[in-house]
Amino acid sequence: MSLLLMQTVFTAVLVVGVLALILGLIIVLIFKLFHIPSDEREAEILECLPGVNCGGCGYSGCPGYAKALASGADSDISKCAPGGKEVIDQLAAKLGLEAAAFVPKVAQVLCQGSCYYERQRYEYNGSESCASAAGLFAGPGACMYSCIGLGDCKRACHYEAIEIIDDLARINPERCIACGACVGACPKGIIQMMPKYTDLFQVRCSNPLPGKEVRGKCDIGCIGCRICVKKCPFDAISMHENRAVINQELCRHCGICKKNCPTGAITKGLINPEDEERLARVDRINEEEAEAARLIS
């Protein structure tokens, strides 16, 4: 009986082994037949990219951008904002292209309507979402074009570059990598990418309504007085509807517009000094809370 049992077991093992070998050969054959050859240049391009997969280039991530560059579907090597000039130079060398000029960018909130400047129409008690609040008469703020301040942009940012202070989103330019996630998350469309100039002059207001209506809603909005347009010696400012807009390519950072703005809607720098102090204070609080949690654990 034991010999018969051993023969049975041996036969079963042999059959299973032969089947496994046959199936293995079939898998190898299928892999060979349907294998898609990898593009070595695509892999080399991917090595040049930072790998943050932010989507700021317009593709799903770094692999998508690398594939487009390798295939020739896209020849613009300046789309990787997080990588900056270093990545552009590497891509130019790999692809045999001329290195494009690169101006670093940073996200900016074109609104200063914090709780100190903007009046409120009603008290919002819904979900903590700017998109939800915007669906209810454009939010609780009197200005329909103001920052709602419920943090959709902050939640979209993976680099802790945004804080909500006094019902207004504040962006830390030192942490922002210009991925554009916050731009897409803002339901009002008031976050825009700007050149990362330390002395950047911009109109931090998105309200296109006439000055009288703006004044009735916010103390620091652009009232369309056109003083900045008339005073600018470089014709860098124009009116879009009733709002002044500064052309960053023409602006020479003289500061005349800011000095003559009657409402303070025009600001200098990537961040106001008071915002810088507030962000620093929030950072200190976050660090203290993290340290306290570490000690408790």
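Everything discussed here concerns the structure shown above.
Residues numbered from 1 in each chain as written. Predicted model: local features only at pLDDT ≥ 70, side-chain atom pairs only at ≥ 80, totals over all residues. Heavy atoms only, no water.

Chemist: Which parts of the structure should I look at to understand unusual backbone geometry?
Modeler: With the exception of glycine, the majority of residues adopt a negative phi angle, and the majority of peptide bonds are in the trans configuration. The backbone of glutamate 160 sits at a positive phi, close to 55 degrees, despite the residue not being glycine. Here glutamate 160 is to be found in the loop between helix 6 (152–156) and strand 2 (162–165). The exposure class of glutamate 160 is exposed, given its relative accessible area of 59%. The backbone of alanine 178 shows a phi angle near 65 degrees, a positive value even though the residue is not glycine. (Helix = DSSP H or I, 4+ residues; strand = E, 2+ residues; numbered from the N terminus. Buried < 20%, exposed > 50% of the residue type's maximum accessible area, 1.4 Å probe, protein only.)

Chemist: Can you walk me through the packing of helix 2 (residues 40–48) against helix 4 (residues 84–95) in this structure?
Modeler: Two quantities define a packed helix pair, namely the angle between the axes and the distance from one axis to the other. At a closest axis distance of 9 Å, the pairing of helix 2 and helix 4 adopts a crossing angle of 165 degrees. Classified by the angle between their axes, helix 2 and helix 4 sit roughly antiparallel to one another. The way helix 2 lies across helix 4 gives a crossing that is right-handed. Listed contacts from helix 4 to Arg41, Glu44, Ile45 and Cys48 of helix 2 are Val87, Gln90, Leu91, Lys94 and Leu95. (Axes fitted to C-alpha atoms, helices over the stretch in contact; angles between N-to-C directions. Parallel < 35°, antiparallel > 145°, perpendicular 65-115°, else oblique. Left-handed = near helix turned anticlockwise from the far one by under 90°. Contact = heavy atoms within 4.5 Å.)

Chemist: What am I meant to see in the environment of isoleucine 271 here?
Modeler: With respect to the helices, strands and loops of the structure, isoleucine 271 is situated in the loop between strand 8 (266–268) and helix 11 (273–296). Taking the relative accessible area as the measure of exposure, isoleucine 271 reaches 18% and is therefore buried. The spatial distance from the C-alpha of isoleucine 271 to the C-alpha of lysine 32 is 57 Å, given a sequence separation of 239 residues.

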